[in-house]
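# Coordinates in review
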Amino acid sequence: MTFNLDSYRDLPAAQQPEWPDPGELAQAVAALKVEPPLVFAGEADVLRERLADAAQGRAFVLQGGDCAEIFAEVTPDRIRSQLRTILQMAVILTYGASLPVVKMGRIAGQYAKPRSASTETRGAQTLPAYRGDAVNAFGFTPKDRRPDPWRMVRAYHRSSSTLNLVRAFTTGGFADLRFVADWNRGFMANPAFARYEEIAGEVDRAISFMEACGVDFDALKTVELFACHEALLLDYERALTRIDSRTETPYDCSAHFVWVGERTRDIGGAHVDLLSKVRNPIGVKIGPTAQPEDVVRLADRLDPDGIPGRLTLITRLGADRVRTLLPPLIEAVQAAGRTPVWVCDPMHGNTITTGAYKTRHFDVIMNEVRAFFEVHREHGSVPGGLHVELTGDDVTEVLGGSQTIHEATLARRYATLVDPRLNHQQSLEMAFQVAEMIRDGSTAAPVKQP
Ligand code: PEP
Ligand code: CO
């Protein structure tokens, strides 16, 4: 069989770096092509089955991690705290939803970023924009900003060592449910989070109950955590696309799940074409300009056979627009007879700038989540999951939360090079609030937008 995996090369490709030297690019791509795959196709198939459950309301999806991973930050401590945050959120959500939570990290490959402008000017100097560590460096010098294709090879190796540690943590005992419960107890020790006491107590008692019943904790010592990232750099994704020897079909073996971003989802563009050819479960970001017919056309193009779990629609509409924009999208998808996984990204439609900082407000983020749940419920559609930018670290990038971060405190530990992330505590607060929304089947009144 032939798959014509290179047809994307004839199509318009948005958001690609201008690699200065074609010979250098060819060498780097050749080096990537002979590297082993980062994931096994069979794992991507398992994820697709899990997502098929989420589409039907039998599981809930949690995708979380940095906006952009950074080479210098691939440290055991950071990977551990990132993973810990995702696992803590997952336990809270599992309890709230009484459903398995499908866990995906924006990890081991989230190294390339779309940018609103391809250059950046400071004073008299104009240089290429920073496009993520897989392309260039953040420093504002011509040397740093020069797109260097060997960085894609470095991104591969960083991803490989990250995944290695993630696999060790998730199967080697670190993820034991009882440890996760202990971490949550540590969080609850802080009086700022007293409002979550009731649900935290319930989670705790549920775990003690299982323990008392002699539940096989060996089975709860390992968890499944899948890797995902935006499939932005076509050279990288193509080089890691391999024909699976079992099924003789192509998989993008750079991650279990990849998505097309809001800025590259052109139906006639290269990204949609390449991802239409691979068998992984895939996602598409859907922003406020997407028309219902665009979404249906994307679904037809990316999932012509309607394979359960194949397609995830990640809406990022903005808290004040969800109630207007989401209903026609859901109605069109329903009318087309499709059941994708619907996931809410409450981050990217709610970015604001205050002073020198790009930020988001916690309450506004939660308002988008709340509206997402309500609109899906009103339509008999399944709110299938959450997609968030978070870090396990104690950063001050997103405003609000119970340990209130104000505009004046943003500067304290503002560490992101790209988008603002929920910190460890804000992430857990989100999980508690969403658990309440799911458990009560009600979403209460939205918080007044600040
Ligand atoms: C992102 O997820 O970091 C991102 C760039 O999102 P979007 O494509 O939705 O803008
Ligand atoms: Co982002």
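The text that follows walks through the structure, step by step, so that each part is easy to find.

Basis of the calculations
Residues numbered from 1 in each chain as written. Chains lettered and ligands numbered in written order. Predicted model: local features only at pLDDT ≥ 70, side-chain atom pairs only at ≥ 80, totals over all residues. Heavy atoms only, no water. Helix = DSSP H or I, 4+ residues; strand = E, 2+ residues; numbered from the N terminus. Rg over C-alpha atoms; globule rule 2.2 N^0.38 Å. Buried < 20%, exposed > 50% of the residue type's maximum accessible area, 1.4 Å probe, protein only. Contact = heavy atoms within 4.5 Å. Areas by Shrake-Rupley, 256 points an atom, 1.4 Å probe, with all protein chains shown as cover. Donors = N, O, S within 2.8 Å, 3.2 Å for Na, K, Ca; no water. Phe/Tyr/Trp six-rings, centres within 6.5 Å; stacked < 30°, edge-to-face > 60°. Lys NZ or Arg CZ within 6 Å of the ring centre and 35° of its normal. Pairing = 2+ DSSP bridges. Right-handed = clockwise from strand over helix to strand, strands pointing away. Axes fitted to C-alpha atoms, helices over the stretch in contact; angles between N-to-C directions. Core = buried A, V, L, I, M, F, W, Y, C linked by side-chain atoms within 4.5 Å. 1 Å grid on protein atoms, 1.4 Å probe; cavity = no way out; pocket = protein on both sides within 12 Å on 5 of 7 lines; lining within 4 Å. Points joined across faces, edges and corners; volume = space filled by probe spheres on them. Near = heavy atom within 4 Å. Polar contact = N/O pair within 3.5 Å; in protein donor to acceptor, adjacent residues only side chain to side chain. Nonpolar A, V, L, I, M, F, W, Y, C, P; charged D, E, K, R; others polar.

### Side note on the overall build of the chain
Helix and strand counts for the chain come out as 13 helices and 14 strands. Against the globule reference of 22 Å for 450 residues, the chain gives a C-alpha radius of gyration of 21 Å, in line with a compact fold. Once the C-alpha set of the chain is aligned to its principal axes, its extents read approximately 60 × 55 × 45 Å. With 450 residues in all, the chain has 59% of them scored as buried. When contacts within the chain are restricted to residue pairs at least 6 apart in sequence, those whose partners lie at least 24 apart make up 78%. Summed over all atoms, the accessible surface of the chain reaches about 17600 Å², with 52% contributed by carbon and sulfur.

### Details of the coordination of the cobalt ion (ligand 2)
Ligation of the cobalt ion (ligand 2) by protein atoms is provided by Cys67 (SG), His348 (NE2), Glu389 (OE) and Asp419 (OD), these donors lying 2.0 to 2.4 Å from the ion. For aspartate 419, a relative accessible area of 7% translates into the label buried.

### Points about unusual backbone geometry
Unlike most non-glycine residues, serine 98 shows phi in positive territory, near 50 degrees. With respect to the helices and strands, serine 98 occurs in the loop between helix 3 (76–97) and strand 2 (101–106). On the accessibility criterion, serine 98 (64% relative accessible area) is exposed. Notably, alanine 108 is not glycine yet its phi reads approximately 60 degrees, a positive angle. Summarising the element assignment, alanine 108 is placed in the loop between strand 2 and strand 3 (119–122).

### Structural notes on the packing of aromatic side chains
The tally for this structure, following the rule as stated, stands at 10 aromatic pairs. When the centroid spacing of 4.1 Å and the interplanar angle of 20 degrees are considered together, the rings of phenylalanine 187 and phenylalanine 193 count as stacked. Per residue, the accessibility class of phenylalanine 187 equals that of phenylalanine 193, and both read buried. Taken together, the aromatic side chains of Phe187, Phe193, Tyr196 and Phe432 make up a single cluster linked through ring pairs. Seen from the ring of tryptophan 183, arginine 84 lies directly overhead, with NZ or CZ sitting 5.8 Å from the centre. Between the NZ or CZ atom of arginine 145 and the centre of the ring of phenylalanine 138, over which it lies, the distance is 5.8 Å.

### Considerations on the pairing of strand 1 (residues 60–65)
Where burial is concerned, most of strand 1 is hidden: 6 out of the 6 residues are buried. Here strand 1 shows a buried face lined by Phe60, Leu62 and Gly64 and a second buried face lined by Val61, Gln63 and Gly65. Bridging between strand 1 and strand 2 involves 6 bridges; their strand directions are parallel. Residue pairing in the sheet places glycine 64 in a bridge with glycine 105 of strand 2. Between the parallel elements strand 1 and strand 2, the chain passes through helix 3 in a crossover that is right-handed.

### Side note on the sheet that holds strand 5 (residues 225–230)
An order of 1-2-5-8-9-10-11-14 is seen for the 8 strands of this closed barrel, with the pairing classed as parallel. On average, each strand axis in the sheet is tilted by 25 degrees relative to the strand beside it, whichever way the strands run. With 3 bridges joining them, strand 5 and strand 8 (residues 257–260) adopt parallel strand pairing. When the sheet's bridge partners are listed, glutamate 230 is paired in strand 8 with tryptophan 259. In the packing of helix 9 (residues 270–277) onto the sheet, contacts are made with strand 8 and strand 9 (282–286), and the angle to strand 8 comes to roughly 150 degrees.

### Looking at the nonpolar core
Ranked by internal contacts, the top residues of the largest apolar core, which has 108 residues, are Leu62, Leu326, Val369, Leu422, Met430 and Val434. If one sorts the elements of this core by residue count, helix 3 sits on top with 10 residues. Once you skip the residues sitting within four places of it in the chain, leucine 422 turns out to touch Met347, Phe362, Ile365, Val388, Glu389, Leu390, Thr391, Val398, Ser427 and Met430. Leu47, Ala59, Phe226 and Ile314 belong to the second-largest nonpolar core, a separate cluster that totals 15 residues.

### Observations regarding empty space enclosed by the protein
One pass over the full model with this rule turns up 3 cavities of 30 Å³ or more. In this model, the largest cavity occupies a volume close to 90 Å³. Lining the largest cavity are Asp66, Glu69, Ile70, Glu73, Val74, Arg78, Ile79, Gln82, Ile107 and Thr162. Considering each element in turn, the lining of the largest cavity owes the most residues, 3 residues, to helix 3.

### Let's talk about the site of ligand 1
Within the structure, ligand 1 sits among 13 residues, and Arg106, Lys113, Glu262, Lys285 and Arg316 are positioned closest to it. In the environment of ligand 1, an oxygen atom lies 2.9 Å from a nitrogen or oxygen atom belonging to the side chain of arginine 106. At 2.8 Å, a side-chain N or O of lysine 285 approaches an oxygen atom of ligand 1. Protein chains shield 98% of the accessible area of ligand 1, which is 300 Å² for the free molecule. Counted by class, the shell around ligand 1 contains 3 nonpolar, 2 polar and 8 charged residues.

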